[in-house]
Amino acid sequence: IISETSSRNSEVIHAGIYYPQSSLKAKLCVRGKELLYNYCKDRHLPFDRKGKLIVATNEHQYRFDLPQLLRSAAINGVDDLKLLTKDDVTKFYEPQVTSHGAIFSPSTGVVDSHSFMVSLLGDAENCGSTSTSTGTCTLALHSNVDNISVMDNGKLMVQAEGMELVCDSIV
């Protein structure tokens, strides 16, 4: 576990600001962000809502681009952004930044991906999973997937390294 893509994760918890308006990606990001923060809090996993500044480096960006980004983010359900003046940026957030203003995103953060992945493994094991197959959970680490098909009953049939697994969902 934690030896492939997840091990090279940036550990950033994105707020959902930049995705196309009303897209599935935006909805999943906004919902997933809150689920991830709650999961980490409930399990005492390391995370930090550090926040993020989106800085305008010229007047046009401050007057036109940042307000458009605020509108787009609001449509996506990101409702905690704050438009800051250049004085707000230097006084309250980052005195070394030269800007024409910024947006502050308080729900952007970071998570300890190693602790998170170990916790997910523990959750899987607690529901009866092992590295082969038992009960209603299967954990098939480092298994090459040969085929995935949708069965008539809507379940997924996964063929992986000689195993045939019937699943409601795949992570």
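Preceding this section is the structure that the text describes.
So, how was this worked out
Residues numbered from 1 in each chain as written. Predicted model: local features only at pLDDT ≥ 70, side-chain atom pairs only at ≥ 80, totals over all residues. Heavy atoms only, no water. Helix = DSSP H or I, 4+ residues; strand = E, 2+ residues; numbered from the N terminus. Buried < 20%, exposed > 50% of the residue type's maximum accessible area, 1.4 Å probe, protein only. Contact = heavy atoms within 4.5 Å. Areas by Shrake-Rupley, 256 points an atom, 1.4 Å probe, with all protein chains shown as cover. Pairing = 2+ DSSP bridges. Axes fitted to C-alpha atoms, helices over the stretch in contact; angles between N-to-C directions. 1 Å grid on protein atoms, 1.4 Å probe; cavity = no way out; pocket = protein on both sides within 12 Å on 5 of 7 lines; lining within 4 Å. Points joined across faces, edges and corners; volume = space filled by probe spheres on them. Nonpolar A, V, L, I, M, F, W, Y, C, P; charged D, E, K, R; others polar. Expected span 1.5 Å × (residues − 1). Polar contact = N/O pair within 3.5 Å; in protein donor to acceptor, adjacent residues only side chain to side chain. Patch = residues over 30% accessible without salt bridge, like charges linked within 9 Å, V, L, I, M, F, W, Y side chains within 5 Å. Salt bridge = Lys/Arg side-chain N within 4 Å of Asp/Glu carboxyl O.

Visitor: What is the right way to read the overall build of the protein from this model?
Guide: Secondary structure assignment for the protein yields four helices and eleven strands. Taking all 171 residues of the protein together, 32% fall into the buried category. A fraction of 54% describes how many contacts in the protein between residues 6 or more apart in sequence connect residues 24 or more apart. Carbon and sulfur atoms provide 53% of the accessible area of the protein, an area that totals close to 10,900 Å².

Visitor: Can you help me understand the sheet that holds strand β3 (residues 52-56) in this one?
Guide: Hydrogen bonds between backbone groups are what pair the strands of a sheet, and the pairing can be parallel or antiparallel. In spatial order, the strands read β3-β5-β4; together these three strands make up an open sheet with antiparallel pairing. Edge strands, defined here as strands with exactly one partner in the open sheet, are β3 and β4 (82-84). Each strand of the sheet is rotated relative to its neighbour by a mean of 25°, with strand direction disregarded. In this sheet, strand β5 (residues 101-105) lies alongside β4 in antiparallel orientation, the contact comprising three bridges. Considered in β5, the bridge of K82 is made with F104. Seen against the sheet, helix α3 (residues 86-93) touches β3, β4 and β5 and runs at an angle of roughly 100° to β4.

Visitor: Would you explain the layout of surface pockets in this entry?
Guide: With a probe scaled to a water molecule rolled over the atoms, the places where space remains empty come into view. Of the voids in this model, the second largest pocket is the one considered here, and its volume is about 390 Å³. In this structure, the second largest pocket is lined by 16 residues; those nearest its centre are V12, I13, H14, G32 and L36. Elements that contribute at least two residues to the lining of the second largest pocket include exactly β1 (12-13), α1 (24-42) and α4 (113-126). Broken down by element, the lining of the second largest pocket gets its largest block of residues, five residues, from α1. Taken together, the residues of the lining of the second largest pocket sort by class into nine nonpolar, five polar and two charged.

Visitor: How should α4 be read in this particular structure?
Guide: Helical geometry: 3.6 residues make up each α-helical turn, so side chains three or four residues apart lie on a common side. Over its 14 residues, α4 runs 20 Å from end to end, which matches the ideal 20 Å to within 8%, given 1.5 Å per residue. Taken together, the buried positions of α4 are S113, F116, M117, S119, L121 and A124. Buried residues along α4 sit in contact with α1 and β6 (109-111). Its side-chain oxygen placed 3.1 Å from the backbone nitrogen of H114, D112 serves as the N-cap of α4. Of the residues one or two after α4, G128 is the one with positive phi, at around 105°.

Visitor: Please clarify how the sheet that holds strand β2 (residues 47-48) should be interpreted in this entry.
Guide: Reading across from one edge, β1-β6-β2 is the order of the three strands in this open sheet, with antiparallel pairing throughout. Across the chains shown, the open sheet's two edge strands, defined by having one partner strand only, are β1 and β2. Bridge count between β2 and β6: two bridges; the pairing is antiparallel. Its bridge partner lying in β6, D48 is registered against V110.

Visitor: I would appreciate a short explanation of a nonpolar patch on the surface in the present structure.
Guide: On the surface, V145, I148 and I170 cluster together to form a nonpolar patch covering roughly 270 Å² of accessible area. Along the polypeptide, V145 turns up in strand β9 (residues 145-150).

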